[in-house]
Amino acid sequence: MFKKQQQDVFEERYLRFISILGKGNFGSVELCRYDPWGDNTGDLVAVKELQSNKQATVTDFQREIQTISSLHCDYIVKYKGICYSTGRLSTKLVMEYLPYGSLIGYMEKHRQNVCTRRLLLFASQICKGMEYLQSMRYVHRDLAARNILVASDTLVKIADFGLTKIIPVDKEYYRVTQPGESPVFWYAPESISELKFSHKSDIWSFGIVLHELFSYCDISRNPKRVRSYVQSPSMAIHLLNLLKDNWRLPAPSQCPPKVKIKTDFYLIAFLWINQIELSSIVQRKQVHAPRMLP
Ligand SMILES: CCc1cc(O)ccc1-c1ccc2c(C(=O)Nc3ccc(C)nc3)n[nH]c2c1
């Protein structure tokens, strides 16, 4: 079923369940310790098990494993391997464990200590992770602060590749057949209206992530027009009409003037399209880029 490399295969008998980390696209994520010596010195890992055996989900899960195992980037959560249950009744995806959890939870806990420089550092790391994904012709399709994980106070990584698709060589976009649970608030207009996904729609989602970042992931700071995250079809139509009337998310109120780009808060995403390093614009704007910015 998968190309097996020795270090990729984990033995179920050494995978010790610790706790549930969360529930994502068609699977729950568990914190486990892979402890072959049985002395609690093994590594902590994040494990996703396929919950349902619907064929379509099995195929999606296999695609997720093929996708994540082909990605090697400092700003993307690292694949560690797979674990077959006895009798191969189920397969588990084993990933590196990031101890600080999602960006949303991190901001709730550490918001007072996160300055503009750190937000720009996180934005540039997400940007670089997405540039790498784009270079591999992948479209993430679910880029949102909830799918950004925090490895340390100075490092974030892109996670959850359950909806990721590869753009065919002869095409510029991927069109999905069924909408599924659509996080429309992060969707570009063409993704809402035509289920079309491309590098450009990922960049649109990146713009929404920037808004989340500079709102410190505080949902109460969203404009009244699109407060609810309800994924109802009527919400999708409402949002699409707003966007067609050229309404855009305003830069968050507490966004520092130095970062608030006059033309459009999406300028940072524009830099991505043109492969311009965020750090160069930050320096040009005399925004004191964090020392950590490469
Ligand atoms: C295995 C599922 C998956 C699939 C994929 O394609 C890409 C990434 C992941 C993934 C998802 C979640 C995590 C986590 C975490 O949730 N960590 C944490 C830490 C602390 C707290 C409070 N909550 C949470 N760590 N590594 C993770 C990798």
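It should be noted that the structure appears before, not after, this text.
Overview of the structure. (Residues numbered from 1 in each chain as written. Predicted model: local features only at pLDDT ≥ 70, side-chain atom pairs only at ≥ 80, totals over all residues. Heavy atoms only, no water.)

The next thing to look at is the environment of serine 28. Mapped onto the elements, serine 28 comes out in strand 3 (residues 27–34). With 22 residues separating them along the chain, serine 28 and leucine 50 place their C-alpha atoms 7.7 Å apart. (Helix = DSSP H or I, 4+ residues; strand = E, 2+ residues; numbered from the N terminus.)

Glycine aside, residues mostly have negative phi angles, and peptide bonds mostly take the trans form. Despite not being glycine, arginine 141 has its phi angle at roughly 75 degrees, a positive value. A relative accessible area of 7% places arginine 141 in the buried class. Positioned with a positive phi, aspartate 160 is a non-glycine residue whose angle comes to about 55 degrees. With respect to the secondary-structure elements, aspartate 160 resides in the loop between strand 9 (155–158) and strand 10 (165–166). (Buried < 20%, exposed > 50% of the residue type's maximum accessible area, 1.4 Å probe, protein only.)

We now examine the packing of aromatic side chains. Applying the stated rule across the entire model yields 6 aromatic pairs. Residues phenylalanine 10 and tyrosine 34 carry aromatic rings whose centres are separated by 4.7 Å and whose planes lie at 75 degrees to one another, so their mutual orientation is edge-to-face. Placement of the pair is phenylalanine 10 in strand 1 (residues 9–11) and tyrosine 34 in strand 3, with a sequence separation of 24 residues. Judged by its relative accessible area of 10%, phenylalanine 10 is buried. (Phe/Tyr/Trp six-rings, centres within 6.5 Å; stacked < 30°, edge-to-face > 60°.)

Let's shift gears to helix 6 (residues 233–244). Its 12 residues place the ends of helix 6 16 Å apart at the C-alpha level, agreeing with the 16 Å of an ideal helix rising 1.5 Å per residue. Looking one or two places after helix 6, you find asparagine 246, whose phi comes out positive at around 65 degrees. (Expected span 1.5 Å × (residues − 1).)

Of all hydrophobic cores here, the largest spans 48 residues; its most connected members are Ile76, Leu103, Ile126 and Leu213. Take this core: its biggest share by element is 9 residues, from helix 3 (residues 116–135). Apart from the residues within four sequence positions on either side, isoleucine 76 is in contact with Ile68, Leu71, Glu96, Gly129, Tyr132, Leu133, Lys157, Ile158 and Phe161. (Core = buried A, V, L, I, M, F, W, Y, C linked by side-chain atoms within 4.5 Å. Contact = heavy atoms within 4.5 Å.)

Here we take up the site of the ligand. Taken together, 17 residues form the shell around the ligand, and within it Glu64, Glu96, Leu98, Asp160 and Phe161 come nearest. Interatomic distance of 2.6 Å between a side-chain N/O atom of glutamate 64 and an oxygen atom of the ligand. Between glutamate 96 and the ligand, the recorded distance is 2.8 Å, taken from a backbone N or O atom to a nitrogen atom. Bound to the protein, the ligand loses 84% of the 600 Å² it would expose on its own. With 3 residues, the top contributor of residues to the shell around the ligand is strand 6 (residues 91–96). In the shell around the ligand, the residues fall into 12 nonpolar, 1 polar and 4 charged. (Near = heavy atom within 4 Å. Polar contact = N/O pair within 3.5 Å; in protein donor to acceptor, adjacent residues only side chain to side chain. Areas by Shrake-Rupley, 256 points an atom, 1.4 Å probe, with all protein chains shown as cover. Nonpolar A, V, L, I, M, F, W, Y, C, P; charged D, E, K, R; others polar.)

What the rule picks out here adds up to 8 salt bridges. Across the pair aspartate 35 and arginine 16 runs a salt bridge whose closest N-O atoms are separated by 3.8 Å. Separated by 19 residues along the polypeptide, aspartate 35 in the loop between strand 3 and strand 4 (43–50) and arginine 16 in strand 2 (residues 15–24) bring together distant segments of the chain. Among the salt bridges present, the one from glutamate 64 reaches lysine 48, with a minimum N-O distance of 3.0 Å. You can see glutamate 64 sitting in helix 1 (residues 55–68) and its partner lysine 48 sitting in strand 4, a full 16 residues away along the chain. Residue class for glutamate 64 comes out buried when judged on its relative accessible area of 5%. (Salt bridge = Lys/Arg side-chain N within 4 Å of Asp/Glu carboxyl O.)

Residue classification places tyrosine 34 among the buried residues on the basis of a relative accessible area of 15%. On a C-alpha basis, the gap between tyrosine 34 and valine 94 in space is 9.7 Å, while along the polypeptide they are 60 residues apart. If we ignore the near neighbours within four places in the chain, the residues touching tyrosine 34 are Phe10, Glu11, Tyr14, Leu15, Gly42, Asp43 and Val45. A distance of 2.9 Å separates the side chain of tyrosine 34 from the backbone nitrogen of glutamate 11, its partner in a polar contact.

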